[in-house]
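Descriptive structure summary
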Amino acid sequence: MQKIIYPKEPDLFFKETRKRVEAYFKDNNFKKFGGRKLLMKYFILKIALLSVYTAIFLLQETYFSFLPFIILGPLSIILVINVSHDGIHGVASSIKWLNNYFTLQMDLIGANSFVWKKRHQFGHHMFPNTLAKDPDLSQSNLVRILPGIQLKWFHKFQHIYVPVLYAFYTINWIYIRDFVDFFSSKSLIKNIPKVEHVKLFVFKSIYIIIFLFVPFLFTSLSFKEIVFNNLLMHISASYFLTIALVPSHVSEKSVFIQPNEIGEMPYSWSHHQVITTADFATDNKVMTWLLGGFNHHVSHHLFPRISHVHYPRVTSIVKETTKKYNLKYSHEKSLFKAYVSHFNLLKNNG
């Protein structure tokens, strides 16, 4: 596999940005971890999730028995992108076991945290929007997002049928993609420890027991109804997840990078992060809270070792320094515009 090389920084953009961010923490006597804010967010989300799960048993004989499942989908995603994401980056807490505990929340909702960490930290973060290097860009031939992909006749309809495919995103992730990452010869993840294989099957089993077998055994719902309700849960989770993840890297303004024949990238590391990443709705406090700072995505790519609870201030520093060094800072004012931009990309590339 070709080794990828970033050229040296051409200016003082990142050095100055980092210096100003460090000064912000020092002047305010802040730690870079999530701390109490993140812990409080965890308790709120966990209590909400457990309460909604309990509602499955309370509403089992009503016309609204499907409702808790629909709400559980987005709630699970909100918990993961707020808490597990920071835990995986080691910034949820200064206490290692607490980071591990937060990371474990991802496994409890069915998604394997070990392979996601590998994909996320050593693939996506190192080479965002880099062809053949960013695992988040791997796609089916049904969808033409990247330049250079052969154009098929059906791609002109992809902006219509892709929303249907997105409905099954988490089903694919939990029941297919994780196993492909573990066992496929084409997987980018090698030398997986045996203990992680055990954890994979243990937590997948726990997930199935919690969301399928427990409702079947302890409610009046039939197994078909429970399977259908689980499908609704995955659809709501999938749409929420794509809303959170897609606008930052895959929109009509997105730049996709290809290294040259010797593996050298056209931009330095910090410039690459800014050029290939976009922010959206950064002034919306509710959106920032729900999305775990994913809408402050440029800051996250430049400073992944800082908890998302600090991103609003970090983003203001990043915006100022990108302007000073004439770097294009991509931003959409609203989530709606950001999501529309993604579908414009699908339409344009089809």
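Heads up: the structure comes first, above all this text.
Reading the values: rules and limits
Residues numbered from 1 in each chain as written. Predicted model: local features only at pLDDT ≥ 70, side-chain atom pairs only at ≥ 80, totals over all residues. Heavy atoms only, no water. Helix = DSSP H or I, 4+ residues; strand = E, 2+ residues; numbered from the N terminus. Buried < 20%, exposed > 50% of the residue type's maximum accessible area, 1.4 Å probe, protein only. Contact = heavy atoms within 4.5 Å. Areas by Shrake-Rupley, 256 points an atom, 1.4 Å probe, with all protein chains shown as cover. Lys, Arg positive; Asp, Glu negative; His and termini not counted. Charge placed at Lys NZ, Arg CZ, Asp CG, Glu CD. Salt bridge = Lys/Arg side-chain N within 4 Å of Asp/Glu carboxyl O. Phe/Tyr/Trp six-rings, centres within 6.5 Å; stacked < 30°, edge-to-face > 60°. Core = buried A, V, L, I, M, F, W, Y, C linked by side-chain atoms within 4.5 Å. Axes fitted to C-alpha atoms, helices over the stretch in contact; angles between N-to-C directions. Parallel < 35°, antiparallel > 145°, perpendicular 65-115°, else oblique. Left-handed = near helix turned anticlockwise from the far one by under 90°. Nonpolar A, V, L, I, M, F, W, Y, C, P; charged D, E, K, R; others polar.

Moving on, we get to the overall build of the protein. Along its length, the protein carries 14 helices and two strands. Put simply, the protein has 350 residues, and 52% of those count as buried. Contacts spanning at least 24 positions in sequence make up 71% of the contacts within the protein whose residues lie at least 6 apart. Summing over all exposed atoms, the protein offers an accessible surface of approximately 17,900 Å²; the carbon and sulfur share of this is 65%. Computing the positive centroid from 39 side-chain charges and the negative centroid from 21, the protein places the two 2 Å apart.

Glancing now at the pattern of salt bridges. Counting across every chain of the model gives seven salt bridges. Across the salt bridge formed by K324 and E16, the nearest N and O atoms sit 3.1 Å from each other. Separated by 308 residues along the polypeptide, K324 in helix α13 (residues 311–324) and E16 in helix α1 (residues 13–28) bring together distant segments of the chain. Among the salt bridges present, the one from K32 reaches E22, with a minimum N-O distance of 2.6 Å. Taken together, the residues K32 in the loop between α1 and α2 (35–58) and E22 in helix α1 connect sequence positions 10 residues apart. The class of K32 is partly exposed, set by a relative accessible area of 27%.

Enumeration according to the criterion identifies 22 aromatic pairs in this entry. Taking the centre distance of 6.3 Å and the plane angle of 85° together, the rings of Y169 and W173 count as edge-to-face. Taken together, the positions of Y169 and W173, both in helix α7 (residues 169–183) and four residues apart, correspond to about one turn of that helix. The class for Y169 is partly exposed, based on a relative accessible area of 27%.

Counting residues in each nonpolar core, the largest one holds 40 residues, and the members touching the most others are L72, I81, F102 and L291. Within the residue set of this core, elements represented by two or more residues are α2, α3 (67–88), α4 (96–108), α7, α8 (194–218), α9 (223–245) and α14 (335–349). Of the residues forming this core, the biggest block, 10 residues, is contributed by α3. If we ignore the near neighbours within four places in the chain, the residues touching L291 are I81, N82, F240, A244 and F280. Listed in part, the 16 residues of the second largest apolar core include F14, L302, V314 and V318.

Moving on, we get to unusual backbone geometry. Despite not being glycine, N29 has its phi angle at roughly 55°, a positive value. For N29, the position within the fold is in the loop between α1 and α2. A relative accessible area of 67% means that N29 is categorised as exposed. In this model, N191 sits at a positive phi of 50°, which is unusual for a non-glycine residue.

Axis separation between α7 and α9 bottoms out at 7 Å; the angle between their running directions is 105°. Compared by their axis directions, α7 and α9 come out roughly perpendicular. Between α7 and α9, the residues in contact are Y169, T170, I171, W173, I174 and Y175 and L231, H234, A237, S238, L241 and T242, respectively.

Here we take up the packing of α3 against α4. Where α3 meets α4, the axes come as close as 7 Å, and the angle between the chain directions of the two elements is 135°. As far as their axial angle goes, α4 and α3 are oblique. With respect to the hand of their crossing, α3 and α4 are arranged in left-handed fashion. Note on element contacts: α4 touches α3 through N99, F102, T103, Q105 and M106, opposite L79, V80, V83, S84, D86, G87 and I88. Looking at side-chain class alone, the contact of α3 with α4 contains six nonpolar, five polar and one charged residues.

What follows covers the side chain of S341. Residue position: S341 is located in helix α14. The contact partners of S341, leaving out residues within four places of it in the chain, are S251, E252, K253 and E332.

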